[in-house]
Amino acid sequence: MNDSKFIAIALEEARLGFEEGGIPIGAVLVSSEGKILGRGRNQRVQEGVPILHGETSALANAGNLHHSLYKGATMYTTLSPCDMCTGACLLFGISRVVIAENKNFVGGEAYLKQRGVEVVVLDHAECTELMERFIRERPELWSDDVGGKPKK
Ligand SMILES: [Zn+2]
(Lines give C-alpha, C1' and ligand atoms only; values in the text may rest on other atoms or scores of the structure.)
Protein backbone atom coordinates (compact mmCIF):
# COMPACT_ATOMS: atom_id res chain seq x y z
CA MET A 1 0.00 0.00 0.00
CA ASN A 2 1.36 3.41 -0.99
CA ASP A 3 0.43 5.10 2.26
CA SER A 4 2.75 2.86 4.26
CA LYS A 5 5.52 3.32 1.68
CA PHE A 6 5.41 7.12 1.91
CA ILE A 7 4.91 7.21 5.67
CA ALA A 8 8.10 5.10 5.90
CA ILE A 9 9.93 7.89 4.04
CA ALA A 10 8.48 10.48 6.44
CA LEU A 11 9.70 8.28 9.30
CA GLU A 12 13.17 8.17 7.71
CA GLU A 13 13.19 11.98 7.82
CA ALA A 14 12.01 11.95 11.44
CA ARG A 15 14.77 9.50 12.41
CA LEU A 16 17.38 11.70 10.72
CA GLY A 17 16.05 14.63 12.73
CA PHE A 18 16.29 12.60 15.92
CA GLU A 19 19.91 11.67 15.13
CA GLU A 20 20.69 15.33 14.49
CA GLY A 21 19.37 16.21 17.96
CA GLY A 22 16.26 17.84 16.54
CA ILE A 23 12.54 17.36 16.90
CA PRO A 24 11.79 14.07 15.13
CA ILE A 25 8.93 14.96 12.83
CA GLY A 26 9.17 14.21 9.12
CA ALA A 27 6.91 14.77 6.13
CA VAL A 28 6.68 13.96 2.43
CA LEU A 29 4.56 15.68 -0.19
CA VAL A 30 3.43 13.27 -2.91
CA SER A 31 1.65 14.12 -6.15
CA SER A 32 -1.60 12.54 -7.32
CA GLU A 33 0.54 10.35 -9.56
CA GLY A 34 2.62 9.07 -6.67
CA LYS A 35 5.69 11.19 -7.34
CA ILE A 36 7.59 12.66 -4.38
CA LEU A 37 7.45 16.44 -4.77
CA GLY A 38 9.32 17.26 -1.59
CA ARG A 39 10.41 15.77 1.70
CA GLY A 40 11.66 17.32 4.88
CA ARG A 41 11.89 17.29 8.65
CA ASN A 42 11.52 19.68 11.51
CA GLN A 43 14.57 21.99 11.49
CA ARG A 44 13.88 24.17 14.50
CA VAL A 45 16.96 22.95 16.37
CA GLN A 46 19.25 22.23 13.40
CA GLU A 47 18.65 25.45 11.46
CA GLY A 48 17.20 27.59 14.22
CA VAL A 49 14.17 28.32 12.05
CA PRO A 50 10.99 27.85 14.07
CA ILE A 51 8.65 27.76 11.07
CA LEU A 52 10.48 24.82 9.48
CA HIS A 53 8.29 22.00 10.71
CA GLY A 54 8.16 18.64 8.94
CA GLU A 55 5.35 19.66 6.63
CA THR A 56 6.58 23.19 5.90
CA SER A 57 10.08 21.82 5.22
CA ALA A 58 8.63 19.37 2.72
CA LEU A 59 6.76 22.25 1.05
CA ALA A 60 9.89 24.41 1.04
CA ASN A 61 12.01 21.62 -0.41
CA ALA A 62 9.40 21.00 -3.11
CA GLY A 63 10.13 24.53 -4.33
CA ASN A 64 7.74 26.66 -6.34
CA LEU A 65 5.29 24.30 -7.96
CA HIS A 66 2.43 25.08 -10.28
CA HIS A 67 -0.72 25.35 -8.17
CA SER A 68 -2.31 22.47 -10.05
CA LEU A 69 0.27 20.07 -8.62
CA TYR A 70 -0.95 20.57 -5.05
CA LYS A 71 -4.45 19.55 -5.99
CA GLY A 72 -4.70 15.82 -5.57
CA ALA A 73 -1.43 15.74 -3.65
CA THR A 74 -1.04 14.03 -0.29
CA MET A 75 0.96 15.34 2.65
CA TYR A 76 2.36 12.47 4.70
CA THR A 77 3.43 13.44 8.18
CA THR A 78 4.67 11.47 11.17
CA LEU A 79 2.64 13.54 13.66
CA SER A 80 -0.74 15.24 13.59
CA PRO A 81 -0.17 18.67 11.95
CA CYS A 82 -0.04 21.79 14.12
CA ASP A 83 -2.11 24.89 13.33
CA MET A 84 0.62 26.33 11.08
CA CYS A 85 1.02 23.15 9.03
CA THR A 86 -2.74 22.63 8.91
CA GLY A 87 -3.00 26.15 7.50
CA ALA A 88 -0.20 25.49 5.01
CA CYS A 89 -1.95 22.36 3.73
CA LEU A 90 -5.16 24.37 3.29
CA LEU A 91 -3.40 27.34 1.68
CA PHE A 92 -1.72 25.16 -0.92
CA GLY A 93 -4.91 23.21 -1.60
CA ILE A 94 -3.51 19.82 -0.68
CA SER A 95 -6.31 17.27 -1.00
CA ARG A 96 -5.25 14.61 1.44
CA VAL A 97 -3.28 14.44 4.68
CA VAL A 98 -2.02 11.10 5.97
CA ILE A 99 -0.96 11.22 9.63
CA ALA A 100 1.17 8.46 11.12
CA GLU A 101 -0.01 9.06 14.66
CA ASN A 102 -1.96 11.44 16.87
CA LYS A 103 -1.31 9.88 20.26
CA ASN A 104 1.45 12.35 21.16
CA PHE A 105 -0.22 15.43 19.72
CA VAL A 106 -3.53 16.27 18.09
CA GLY A 107 -3.44 19.18 15.67
CA GLY A 108 -5.88 20.58 13.14
CA GLU A 109 -7.42 17.33 11.93
CA ALA A 110 -11.02 18.40 12.57
CA TYR A 111 -10.47 21.69 10.73
CA LEU A 112 -8.88 19.92 7.75
CA LYS A 113 -11.90 17.63 7.48
CA GLN A 114 -14.28 20.55 7.87
CA ARG A 115 -12.51 22.21 4.93
CA GLY A 116 -12.94 19.13 2.76
CA VAL A 117 -9.49 17.58 3.11
CA GLU A 118 -9.35 13.82 3.38
CA VAL A 119 -7.60 12.91 6.65
CA VAL A 120 -6.26 9.45 7.35
CA VAL A 121 -4.69 8.45 10.68
CA LEU A 122 -2.61 5.30 10.43
CA ASP A 123 -1.86 4.72 14.12
CA HIS A 124 1.71 3.85 13.16
CA ALA A 125 3.55 2.13 16.03
CA GLU A 126 7.13 3.05 15.06
CA CYS A 127 6.29 6.74 14.61
CA THR A 128 4.47 6.78 17.95
CA GLU A 129 7.45 5.11 19.66
CA LEU A 130 9.98 7.53 18.17
CA MET A 131 7.96 10.55 19.32
CA GLU A 132 7.40 9.02 22.77
CA ARG A 133 11.10 8.38 23.08
CA PHE A 134 11.90 11.96 22.09
CA ILE A 135 9.41 13.42 24.59
CA ARG A 136 10.81 11.15 27.32
CA GLU A 137 14.48 11.88 26.56
CA ARG A 138 14.21 15.56 25.61
CA PRO A 139 11.27 16.93 27.65
CA GLU A 140 12.84 20.41 27.75
CA LEU A 141 12.97 20.58 23.97
CA TRP A 142 9.43 19.30 23.55
CA SER A 143 7.94 21.58 26.22
CA ASP A 144 9.65 24.49 24.48
CA ASP A 145 7.98 23.55 21.19
CA VAL A 146 4.50 24.59 20.11
CA GLY A 147 3.46 20.95 20.26
CA GLY A 148 4.37 20.64 23.90
CA LYS A 149 2.81 23.89 25.07
CA PRO A 150 -0.04 23.45 27.57
CA LYS A 151 -3.41 23.62 25.87
CA LYS A 152 -6.08 26.11 26.90
ZN1 LIG B 1 3.69 22.14 12.18
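Residues numbered from 1 in each chain as written. Predicted model: local features only at pLDDT ≥ 70, side-chain atom pairs only at ≥ 80, totals over all residues.

For the protein chain, an unreviewed UniProt entry supplies the name Cytosine deaminase and the organism Neoarthrinium moseri. Looking at the Subunit (unreviewed entry) heading of the UniProt record, one finds this comment for the protein chain: "Homodimer." Taken from UniProt, the Pathway (unreviewed entry) comment for the protein chain reads in full: "Pyrimidine metabolism; UMP biosynthesis via salvage pathway; uracil from cytosine: step 1/1." (UniProt positions renumbered as here; feature names shortened; annotations may be inferred.)

Colleague: Please set out helix α1 (residues 2-19) residue by residue, giving values where relevant.
Modeller: Count 3.6 residues to each turn of an α-helix, and residues three or four apart come out pointing the same way. Here α1 is 18 residues long and its end C-alpha atoms lie 26 Å apart, about the 26 Å a rise of 1.5 Å per residue gives. Within α1 the residues assigned to the buried category are Phe6, Ile7, Ala10, Leu11, Glu13, Ala14, Gly17 and Phe18. For α1, the angular spread of buried residues about the axis comes to 155°, placing them on one side. Seen from the buried face of α1, the exposed residues on the opposite side, beyond 90 degrees, are Lys5 and Glu19. Here the buried face of α1 lies against β1 (26-30), β2 (36-41), α3 (54-62), β3 (74-77), β4 (96-99) and α7 (125-137). After α1 finishes, the residue glycine 21 shows a positive phi value of roughly 85°. (Helix = DSSP H or I, 4+ residues; strand = E, 2+ residues; numbered from the N terminus. Expected span 1.5 Å × (residues − 1). Buried ≥ 20, exposed ≤ 12 C-beta atoms within 10 Å, placed from the backbone. Arc of directions from axis to C-beta. Contact = placed C-beta atoms within 7 Å.)

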